[in-house]
Amino acid sequence: MGYTLAEKLLASHTNDGKATAGDIVEANVDLLMVHEVLGSRILDVLNDMDFKKVWDSERIVVVNDHWAPASDINSAEIHRRNRNFVRDQGIKHFFDVDCGISHHVLPEQGLVVPGELIIGSDSHSTTYGAFNAFSTGLAATDSALILATGSCWFRVPESISIEVIGEFQDKVMSKDLILKIISDLGPDGANYQSMEFHGETIDNMKVGERMTMCNMSVEAGAKCSPMLVNEPVNKWMETLAPSKRWKPTFPDKDAEYCDSLIYDIKKEPLGPIVATPDNPTNGKAVREISGVPIDQAFIGSCTNGRIGDLEIAAKILKGKKVRKGVRLIITPASKHTYMMALERGLIKIFMDAGGIVTNSTCGACIGGHLGVLGAGEVCISSTNRNFKGRMGHQNSRIYLASPATVAASALKGAITDPRSVE
Amino acid sequence: MTGELKPITGRAWVFGNNIDTDQIIQGQYLTLLNYADMAKHTFEIPRPVFASKVKKNDVVIAGRNFGGGSSREEAPKVLLESGIGCVIAESFARIFYRNGFNVGLPLLIIPNVAKLVTDGETVTVDISEGTLSVRSSGDILHGKPLPKRMLDLLKEGGAVAWYKQSVGKH
């Protein structure tokens, strides 16, 4: 019997080269990303451990991204602790408050390499599956143990094979597809499992579109969501990580899957999907809820704050005005993304339309700053979670959608099918 | 702190399915730098009275997929800080399950537990045996026994204690 992508990626990091679904294995980590959790929690754990020195100062990435720049005195203190740690430990890769969101910055800096085992102190670390890596999120104590030892135990996940065929319709995005898939699976439909993506639709996707899919697999409980290397990933690596040496990893033809799903978006055309409050797996066709009035429209986050997302939003907003009384907030995923948007004239389009463009940070997505919701407010958002209170007041309501649907809704002041906007 | 796991007796706080980590502790409190301050906001959205009424060794009982969403370890930590002796659910989200044992919070899976226990009842949980008994009815519910790795982590007092112990050995 053959092995899945998750099994093969993990097996290449164990001392005996073995990893079969259900096993508990000790694996050697290639890269660990920690963000504000370092200063707020991990340092305390390291103190308890009588920690002295990181296992490898070149394999650790520290990012100040969640409340960047500092939103209050506590986040300022957390950032200060992170900077001190980076200095004291000689950490090679440090991205301070001016750089952007970890899950976009790491690939952009060429730090995400196909075949590697990448851990982040953040649940959306599944994003790097887009690069044929095994990546998952852990929390403070596991991160502290990895910082000290470079290894960690994992239960090797079973895999669900998800094959997608067919082309997207105009103004329908990979966000709509992943909202559909996780809604079919439910909030724990892939708990402890790997969502392994296949098919021509996935092969034809740009890197950013793939990252959106892998980013949100965790909303169905997935541990990881690896994809095969495609041409855009090859180009990305050649351009952004020319010095890295790597080989693509493939699943065996006779790999064993616990379930196999097929989405044929040609036979059953996929339209825009919106997840209603309070769970990302509450996906509904946009026509079922169009007309719901909104107070805020947000485009940003590690899910959909990339250049392709800003481009489609700008196409919809160009020469038009956001509905009076609606706040449109745009937070590019990284400084580099912001600069590209600036050079391509997108920032001017957003501001002419009445939008607010912020610096790159997690910001509004986590209810941190730069767009926190008040009592009773409604937001349509290109982000990943619409849990109660996620973006602010516990009585605010969040609808998750693609950047195209968010932009169209900002123009109308209510949830709108982007295909209905010229 | 190596030792046997004693039975836990306390009030049952019963919740439904899919209690995500934002319901346990909201993102806005994550920059608080000590757990005592943070614990005052535990379950603030689903059960506003929880933080002021909870007592040591009370038991949280929930339906499916307890602790989904963010990887925040603050979720099991504020439960421990609140005095919660253990959490029993029909299933747990992956990262929460790992985090619970890492910080020394016992977690047990018992089928249909949220339907079989009424909020406010007094229950006794035996982690080693994997059982929960309801004082008023005398009913005993049986869960899956914990994997040895998880029991060892709890007996040791969490992952940090386990690390110190294993580093000491080498």
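On a predicted model such as this, the values are computed, not experimentally measured, just so you know.

Points about the domain arrangement of chain A
All names here are of chain A.
Then step 1. Per the domain assignment, the segments making up chain A are domain 1 (7-156), domain 2 (157-244 + 257-271) and domain 3 (273-420).
Then step 2. The centre of domain 1, based on its C-alpha atoms, is set 28 Å off from the matching centre of domain 3.
Then step 3. Residue composition of the side of domain 1 that touches domain 3, grouped by class: five nonpolar, seven polar and three charged.

So, the sheet that holds strand 4 (residues 107-109) of chain B
Residues and elements named next belong to chain B.
Then step 1. Strand order in the open sheet formed by seven strands is 4-3-2-1-5-6-7, with mixed pairing between adjacent strands. Edge positions in the sheet fall to strand 4 and strand 7 (140-142), since each of these pairs with one other strand and no more. Adjacent strand axes in the sheet meet at a mean angle of 30° when their direction is disregarded.
Then step 2. For strand 5 (residues 122-126) and strand 6 (residues 131-134), the ladder comprises four bridges, and the chain directions are antiparallel. Its bridge partner being in strand 6, Thr124 is matched across the sheet by Ser133.

Focus on the nonpolar core
Then step 1. Judged by nonpolar contacts, the single largest core of 181 residues is most densely connected at Ala313(A), Ala407(A), Ile61(B), Val87(B) and Ile88(B).
Then step 2. When residues of this core are assigned to their parent elements, the largest contribution, seven residues, is made by helix 12 (residues 307-317) of chain A.
Then step 3. With residues near it in sequence (within four places) discarded, Val87(B) still touches Val60(B), Ala62(B), Phe66(B), Leu79(B), Gly100(B), Leu105(B) and Leu107(B).

Points about the packing of helix 6 (residues 174-185) of chain A against helix 8 (residues 207-216) of chain A
Residues and elements named next belong to chain A.
Then step 1. Between helix 6 and helix 8, the least distance of the axes is 9 Å, while the angle of their chain directions is 25°. Relative to helix 8, the element helix 6 lies roughly parallel. Our pair here, helix 6 against helix 8, has a crossing hand that is right-handed. Here helix 6 contributes Ser174, Lys175, Leu177, Ile178 and Ile182 to the contact with helix 8, which in turn contributes Glu209, Thr212, Met213 and Met216.
Then step 2. Of the residues belonging to the contact of helix 6 with helix 8, the class tally is five nonpolar, two polar and two charged.

Thoughts on helix 9 (residues 231-240) of chain A
Residues and elements named next belong to chain A.
Then step 1. Taken together, the buried positions of helix 9 are Val233, Trp236 and Met237. Looking straight down helix 9, one finds its buried side chains confined to an arc of 95°; they lie on one side. Those residues of helix 9 that are exposed and aimed more than 90 degrees away from the buried face are Glu231, Asn234, Lys235, Glu238 and Thr239.
Then step 2. Buried-residue contacts for helix 9 involve helix 8.

A short note on the interface of chain B and chain A
Then step 1. Counting from both sides, the interface comprises 33 residues of chain B and, opposite them, 37 residues of chain A.
Then step 2. Mapped onto the side of chain B that touches chain A, the elements with two or more residues apiece are helix 1 (21-24), helix 5 (94-103) and helix 8 (159-169) of chain B.
Then step 3. Here the side of chain B that touches chain A takes six residues from helix 5 of chain B, the largest share from any one element.
Then step 4. Looking at the side of chain B that touches chain A residue by residue, the class counts come to 10 nonpolar, 14 polar and nine charged.

Criteria and cut-off values
- Residues numbered from 1 in each chain as written.
- Chains lettered and ligands numbered in written order.
- Predicted model: local features only at pLDDT ≥ 70, side-chain atom pairs only at ≥ 80, totals over all residues.
- Domains from an automatic or database assignment.
- Nonpolar A, V, L, I, M, F, W, Y, C, P; charged D, E, K, R; others polar.
- Pairing = 2+ DSSP bridges.
- Helix = DSSP H or I, 4+ residues; strand = E, 2+ residues; numbered from the N terminus.
- Axes fitted to C-alpha atoms, helices over the stretch in contact; angles between N-to-C directions.
- Core = buried A, V, L, I, M, F, W, Y, C linked by C-beta atoms within 7 Å.
- Buried ≥ 20, exposed ≤ 12 C-beta atoms within 10 Å, placed from the backbone.
- Contact = placed C-beta atoms within 7 Å.
- Parallel < 35°, antiparallel > 145°, perpendicular 65-115°, else oblique.
- Left-handed = near helix turned anticlockwise from the far one by under 90°.
- Arc of directions from axis to C-beta.

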